[in-house]
Amino acid sequence: MVYKAEYIWIDGTEPTARLRSKTKIVKDDVAHADLPIWGFDGSSTNQAPGDNSDCVLRPVAVFPDPIRGGEDILVMCEVLLIDMTPHPTNTRAKTAVIAEKYAAMDTWFGIEQEYTFFKDGRPLGFPVNGYPAPQGFYYCGVGADEVFGRDVVEAHLQACIDAGIEISGINAEVMPGQWEFQVGPIGPVDVGDHLWMARWLLYRIAEEFGITATVDPKPVKGDWNGAGCHTNVSTKAMRENYDAVIAACEALGTKAEAHVKAYGAGIEDRLTGAHETAPWTEYSYGVSNRGASVRIPWQVAIDKKGYIEDRRPNANMDPYVVCGLITDTICSAAAGQ
Ligand code: ADP
Ligand code: MN
Ligand code: MN
Ligand code: MN
């Protein structure tokens, strides 16, 4: 007998990479740890020229497939060149090196992925002409006049749980058709694997409903919230003492520009200073402050230990890039480098 393995990878689309996948039929006697490498046409994914088009897929994380069920699996892959070195678009490999270097500091990440459903060219819940009622009641709302797409969201949540993704919650967001799910807290490489897989499941489940989901950071221009990927982080030291929490906030401030540049295309349009954001040109941190770049949750200020929330990353960010950079900045400062 055989089982189906959906090999999923991140392509080379610029400025924001997309997910791709294809199905491999695997013999029953092949253990998940022994899944073979595979290839694809990199000239169709902006990862290779047509006259030298082969790229390599290497399995890095396996999840039960909640859609096909049975023995079938979803396989997160990294992309390699044919000499088996990481492809330039392989951001996971770079983060794995940083994670390994600072493994003793045990960084954890919890990411809040915001996204927006679209149907017929407009956000789900937007009328054919004009705009819905202004923001105010949609966030964590209930009722058919406030909530759009809950059936898709519930199906996605269950699929993530069945796939073993470390999903930690969901909520409706401030704009109609806009939602959030949270993944973590887990390590910097794992959170990337889980978040990318949760995104793939979101697009795949929404497909069943004839709806698209997008991580566009500013899906509607004007007085409507953008979509972010707040990134919560802690080291072992931060989970034990407040000085380390403040030191992490300060460390992020020393490299603010490099961070903003790596936090997703179009970030200037979202981090305007309005709509619960800090302007991208100014770094700030504060307790409970949703208008700061980095927020220290009130509970953390009271407990004098815990984690911080970097509110700047865009919904379209690459979690491997963001978590690698944050780990490097906070841990190198803590190590006195
Ligand atoms: P918000 O109030 O900003 O909407 P959420 O409840 O949506 O907060 O998200 C909080 C996130 O913080 C979750 O993803 C959770 O996994 C994460 N988190 C909790 N504790 C830690 C920790 N010690 N280190 C890193 N992340 C954490
Ligand atoms: Mn949240
Ligand atoms: Mn949110
Ligand atoms: Mn948040």
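Let us look at the structure shown here. (Residues numbered from 1 in each chain as written. Chains lettered and ligands numbered in written order. Predicted model: local features only at pLDDT ≥ 70, side-chain atom pairs only at ≥ 80, totals over all residues. Heavy atoms only, no water.)

## Quick word on the coordination of the manganese ion (ligand 3)
The cut-off we apply is this: Because no water is among the atoms considered, metal sites can look incomplete, with donors defined as N, O and S atoms within 2.8 Å of the metal, or 3.2 Å for Na, K and Ca. Per the convention used, a helix needs a DSSP run of H or I reaching at least four residues, while a strand needs a run of E reaching at least two, with both numbered from the N terminus. For every residue, the accessible area (1.4 Å probe, protein chains only) is compared with the maximum for its type, and the residue is labelled buried under 20%, exposed over 50%, or partly exposed between those bounds.
The protein atoms that coordinate the manganese ion (ligand 3) are Glu114 (OE), Glu173 (OE) and Glu180 (OE), at distances of 2.1 to 2.2 Å. When the donor residues of the manganese ion (ligand 3) are listed from N- to C-terminus, their spacing reads E-x58-E-x6-E. Between the two metals, the manganese ion (ligand 3) and the manganese ion (ligand 2), the spacing is 3.8 Å, and Glu180 donates to both. Of this pair, Glu114 sits in strand β6 (residues 108-119) while Glu173 sits in the loop between β8 (167-172) and β9 (178-186), placing them 59 residues apart in sequence. Assessed through its relative accessible area of 7%, Glu173 is described here as buried.

## Overview of empty space enclosed by the protein
Where we set the bar: Both site types are read off a 1 Å grid over the protein atoms alone. A 1.4 Å probe that fits but cannot get out defines a cavity, while an open set with protein on both sides within 12 Å along at least five of seven lines defines a pocket; lining residues have an atom within 4 Å of a point. Grid points are joined across faces, edges and corners, and a volume is the space filled by probe spheres set on the points. Throughout, the ten residues Ala, Val, Leu, Ile, Met, Phe, Trp, Tyr, Cys and Pro are labelled nonpolar, Asp, Glu, Lys and Arg are labelled charged, and all others, Gly among them, are labelled polar.
Using the criterion set out here, one finds 2 cavities of 30 Å³ or more in the structure. Roughly 80 Å³ of volume is contained in the largest cavity. For the lining of the largest cavity, the secondary structure elements donating two or more residues are β5 (73-80) and α1 (91-101). Here the element with the most residues in the lining of the largest cavity is β5; it accounts for 4 residues. Classifying every residue of the lining of the largest cavity by side-chain character gives 5 nonpolar, 3 polar and 2 charged. Estimates place the volume of the second largest cavity at around 40 Å³. Classifying every residue of the lining of the second largest cavity gives 7 nonpolar, 2 polar and 2 charged.

## Quick look at the layout of surface pockets
Each pocket or cavity is described by its volume, and for the largest pocket that value is around 680 Å³. For the largest pocket, the lining is made up of 37 residues, of which Glu112, Glu180, His230, Arg295 and Glu309 are closest to its centre. Listed by contribution, the elements that provide at least two residues to the lining of the largest pocket are β6, β8, β9 and β11 (229-234). Its residues assigned to classes, the lining of the largest pocket shows 11 nonpolar, 15 polar and 11 charged.

## Some details on the nonpolar core
Rule in force here: Buried Ala, Val, Leu, Ile, Met, Phe, Trp, Tyr and Cys residues form a nonpolar core when they are joined through side-chain atoms within 4.5 Å. Whether two residues touch is decided by their heavy atoms; if any such pair falls within 4.5 Å, the residues are in contact.
In terms of nonpolar packing, the biggest core is built from 67 residues, with Tyr115, Phe117, Ile165 and Ile308 touching the most fellow members. The dominant element in this core, judged by the number of residues it contributes, is helix α3 (residues 188-208), at 10 residues. Those residues in contact with Ile165, other than ones at most four positions away along the chain, are Phe63, Cys160, Val183, His194, Met197, Ala198 and Leu201. Listed in part, the 14 residues of the second largest apolar core include Tyr7, Leu57, Ile73 and Val75.

## Points about the site of ligand 1
To keep things clear, this is the line we draw: To be near a molecule or strand, a residue needs just one of its heavy atoms within 4 Å of it. Counted as a polar contact is a pair of N or O atoms within 3.5 Å, where, for protein atoms, one must be capable of donating a hydrogen and the other of accepting one, and residues adjacent in sequence contribute only when both atoms are in side chains. Using the Shrake-Rupley algorithm and a 1.4 Å probe, accessible areas are obtained, with residue cover drawn only from the displayed protein chains. To qualify as sitting in a cavity or pocket, a molecule needs more than half of its atoms within 2 Å of the grid points.
Around ligand 1, the structure places 16 residues, and the nearest of them are Glu112, Glu180, Ser234, Arg295 and Glu309. A distance of 3.1 Å is found between an oxygen atom of ligand 1 and a side-chain nitrogen or oxygen belonging to Glu112. In the model, an oxygen atom of ligand 1 is placed 3.0 Å from a nitrogen or oxygen of the Glu180 side chain. Alone, ligand 1 offers 580 Å² of accessible surface; in the complex the protein occludes 76% of this. Taking a 2 Å distance to the grid points as the criterion, the majority of the atoms of ligand 1 fall inside the largest pocket. Contributions of two or more residues to the shell around ligand 1 are made by β6, β9 and β11. Looking at the shell around ligand 1, its residues break down into 5 nonpolar, 6 polar and 5 charged.

## Details of the side chain of Arg270
The line we're drawing: Counted charges follow a simple rule, with Lys and Arg positive, Asp and Glu negative, and His plus the chain ends left uncounted. Each salt bridge in this description consists of a side-chain nitrogen of Lys or Arg and a carboxyl oxygen of Asp or Glu lying within 4 Å of one another.
One can find Arg270 in helix α6 (residues 267-270). Despite its burial, Arg270 remains without a salt bridge, the nearest opposite charge being carried by Glu114 at 5.7 Å. There is a polar contact of 2.7 Å between the side chain of Arg270 and the backbone oxygen of Arg312. Of note is the side chain of Arg270, whose polar atom sits 2.8 Å from the side chain of Asn314. Beyond its immediate sequence surroundings of up to four residues, Arg270 is in contact with Pro217, Gly226, Ala227, Gly228, His230, Thr277, Arg311, Arg312, Pro313 and Asn314.

## Some points on the packing of α1 against helix α8 (residues 319-334)
Convention followed: Only the contacting stretch of a helix is used when fitting its axis, a line to C-alpha atoms as for every element, and angles between N-to-C directions run 0 to 180 degrees. Angles are sorted into four bins: roughly parallel if under 35 degrees, roughly antiparallel if over 145, roughly perpendicular if 65 to 115, and oblique for all others. Here is the rule for handedness: rotate from the far helix to the near one, and if that takes an anticlockwise turn smaller than a right angle the crossing is left-handed, while a clockwise turn gives right-handed.
Direction vectors running N to C along α1 and α8 enclose 20 degrees, while the axes themselves pass 9 Å from each other. Viewed along their axes, α1 and α8 adopt a mutual orientation that is roughly parallel. By crossing handedness, the relation of α1 to α8 is classed as left-handed. Here α1 contributes Thr91, Arg92, Thr95 and Ile98 to the contact with α8, which in turn contributes Tyr320, Val321, Gly324, Thr327 and Asp328. Its residues placed into classes, the contact of α1 with α8 shows 3 nonpolar, 4 polar and 2 charged.

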